[in-house]
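A structural walkthrough
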Amino acid sequence: MLASHDLIEGLELPNTLTPSRTHTTLVIGNFLRKLYSDSLAEDLPQRLQTLIARLEAAGRETRPDLR
């Protein structure tokens, strides 16, 4: 799978065959941020919304200070 240019812009490898640990961290972090932001933009499925509501309600019952 090829990455689009906007995902890798500014993250081009230096002229070496072995990327530095810092560069590898930057590349992985960039892809994870993109993946995470895309996931947050999507609506949660109804079954997950129901589960979250139940968990929040249970949390309020056991921890009144969180209301």
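Residues numbered from 1 in each chain as written. Predicted model: local features only at pLDDT ≥ 70, side-chain atom pairs only at ≥ 80, totals over all residues. Heavy atoms only, no water.

**Notes on the overall build of the chain**
We apply this condition: Strands here are runs of E lasting at least two residues and helices are runs of H or I lasting at least four, both read from the DSSP assignment and numbered beginning at the N terminus. Residue exposure ignores everything except the shown protein chains as possible cover, and the areas themselves are Shrake-Rupley values with a 1.4 Å probe.
When you go through the chain residue by residue, the secondary structure sums to three helices and zero strands. In the chain, the succession of helices and strands from N to C terminus is α-α-α. Accessible surface computed for the chain: about 6300 Å², of which carbon and sulfur atoms make up 59%.

**Examining a nonpolar patch on the surface**
How we decide: Two joining distances apply to patches: 9 Å for like charges and 5 Å for nonpolar side chains (Val, Leu, Ile, Met, Phe, Trp, Tyr), and every residue must have over 30% relative accessible area and no salt bridge. Whenever a carboxyl oxygen of Asp or Glu lies within 4 Å of a side-chain nitrogen of Lys or Arg, that contact is scored as a salt bridge.
A cluster of nonpolar residues, Leu-44, Leu-48, Leu-51, Ile-52 and Leu-55, forms a patch on the protein surface that exposes about 410 Å² of accessible area. Relative to the helices and strands, Ile-52 is located in helix H3 (residues 46-62).

**Things to note about the confidence of the model for the chain**
Selection rule: The quantity called pLDDT is the predictor's confidence in a given residue, expressed from 0 to 100.
For the chain, the mean per-residue pLDDT works out to 76, and 70% of the residues sit at or above 70. Highest mean pLDDT in the chain belongs to H3 (84); lowest belongs to helix H1 (residues 5-8) (67).

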